[in-house]
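Tertiary structure, described
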Amino acid sequence: MLAPRQVLTRALTFRHIRQSSTAAALVQETNELPLTYLEGFPKPDAKHAETIIALPRAQSGKNISAKERKAGRVPSIVFEQEDGQHGGNKRLISVQNNQIKKLVNHLGRSYFMSRLFDLEVRPDVESEDIIEKVRVLPRLLHVHASTDAVLNVTFMRAPSNALLKVDVPLVFIGDDVSPGLKKGSYLNIIQRTVKFICPADIIPPFIEVDLSELDVGQKLVMGDLKVHPALKLVRPKDEPVCKIAGARVSAESKKSK
């Protein structure tokens, strides 16, 4: 197990290979060993691992997408760059609506968007032949505003040498022993996800936010979050994540005033 300082030093050896206006893939120097999850930090649960099955799609457009959805498939794209316009090895695919819907409903949207999946492109759903197998991170999920039907999904390739911007979900713990909450105050959650630049091999499934020592009026900021030292915050460290706000005023108290 490497010490955090060693891990951080290795993380700084990453360099840009491309950059777009939205974000970029980064690449690790080839002589560096892969990063691993450290003891005490959350890691993906293997029981939720699933391979997404995809079919190649030759064309795009509204009519093609409508036909795919009618056939129970979701038009999708796999690429390397976040805008897909800079030689990002773009591939048009379709995935199974039932599988994507099941994953989103089971994991929750935020957790689906921050989890790596193996994706197999096959000539047919029932075929055992694999045209391409690649590890991907869901980047965009477009659902119907009224029905929540999945309209399209965009995936980004996630090789071991990539650094990816990920909105990592926050899980709040220690609320049962928080001094401020015990006094009748309430938790004001300002951020439910926080964006980090993450090495693909150690994307955290979530980040724990410990409230156990927070008193009334105290807050936690992004820089307080305990994460793997190779992860880099995208936003300023002093941006608030949550705060223990003043005690709630009951309806009876309002009437007495």
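The following refers to the structure shown. (Residues numbered from 1 in each chain as written. Predicted model: local features only at pLDDT ≥ 70, side-chain atom pairs only at ≥ 80, totals over all residues. Heavy atoms only, no water.)

Moving on to the side chain of Ser94. Mapped onto the elements, Ser94 comes out in strand β5 (residues 91-96). With sequence-adjacent residues up to four places away left out, Ser94 is seen in contact with Ile53, Ala54, Leu55, Arg57, Glu68, Arg73, Val74, Pro75 and Ser76. (Helix = DSSP H or I, 4+ residues; strand = E, 2+ residues; numbered from the N terminus. Contact = heavy atoms within 4.5 Å.)

All right, on to the packing of aromatic side chains then. Counted under the stated rule, the structure contains one aromatic pair. Ring plane angle 45° and centroid distance 5.5 Å describe the contact between Phe112 and Phe117, whose orientation is recorded as tilted. We note that Phe112, like Phe117, is buried. (Phe/Tyr/Trp six-rings, centres within 6.5 Å; stacked < 30°, edge-to-face > 60°. Buried < 20%, exposed > 50% of the residue type's maximum accessible area, 1.4 Å probe, protein only.)

This part takes up unusual backbone geometry. Excluding glycine, residues mostly carry a negative phi; peptide bonds, for their part, are mostly trans. Residues other than glycine seldom take positive phi values, yet Asp148 does so here, at roughly 65°. Take Asp148: it is sitting in the loop between β7 (132-143) and β8 (150-157).

Take the nonpolar core next. By size, the foremost hydrophobic cluster in this structure holds 31 residues, and its most contacted members are Leu164, Leu170, Phe196, Val209, Leu225 and Cys242. Not counting residues within four places of it along the chain, the set of residues in contact with Leu170 comprises Tyr111, Gln191, Arg192, Thr193, Val194, Ile207, Val209, Leu225 and Val241. Among the nonpolar cores identified, the runner-up in size contains 21 residues, and Ile93, Leu141, Val153 and Phe155 belong to it. (Core = buried A, V, L, I, M, F, W, Y, C linked by side-chain atoms within 4.5 Å.)

With that out of the way, let us pick up empty space enclosed by the protein. A complete count under the given rule lists one cavity of 30 Å³ or more for this structure. Volume-wise, the largest cavity comes out at about 80 Å³. Around the largest cavity, the lining residues are Tyr37, Leu38, Phe41, Pro42, Ile202, Pro204, Phe206, Ile207, Lys226, Val227, His228 and Leu231. Residues belonging to the lining of the largest cavity are distributed by class as follows: 10 nonpolar, one polar and one charged. (1 Å grid on protein atoms, 1.4 Å probe; cavity = no way out; pocket = protein on both sides within 12 Å on 5 of 7 lines; lining within 4 Å. Points joined across faces, edges and corners; volume = space filled by probe spheres on them. Nonpolar A, V, L, I, M, F, W, Y, C, P; charged D, E, K, R; others polar.)

Once that is clear, we can look at the sheet that holds strand β3 (residues 51-56). Pairing in this closed barrel of six strands is mixed, and the strands run β3-β5-β4-β8-β7-β6 around the ring. In this sheet, adjacent strand axes meet at a mean angle of 45° when their direction is disregarded. The pairing of strand β4 (residues 73-79) with β8 spans four bridges and is classified as parallel. Paired with Val78 across the two strands is Phe155, which belongs to β8. (Pairing = 2+ DSSP bridges. Axes fitted to C-alpha atoms, helices over the stretch in contact; angles between N-to-C directions.)

Glancing now at the pairing of strand β12 (residues 207-210). Of the two faces of β12, only one is covered, namely that formed by Ile207 and Val209; the face formed by Glu208 and Asp210 stays uncovered. As paired elements, strand β9 (residues 162-173) and β12 share four bridges and run parallel to each other. Residue pairing in the sheet places Ile173 in a bridge with Asp210 of β12.

Here we take up the layout of surface pockets. Looking at the second largest pocket, its volume works out to about 300 Å³. In terms of lining, the second largest pocket is formed by 14 residues, of which the most central are Glu208, Val209, Asp210, Asp224 and Lys226. For the lining of the second largest pocket, the element with the most residues is β12, which contributes three residues. For the lining of the second largest pocket, the per-class residue count stands at seven nonpolar, two polar and five charged.

So, to be careful, I would describe these as geometric facts and stop short of saying anything about function.
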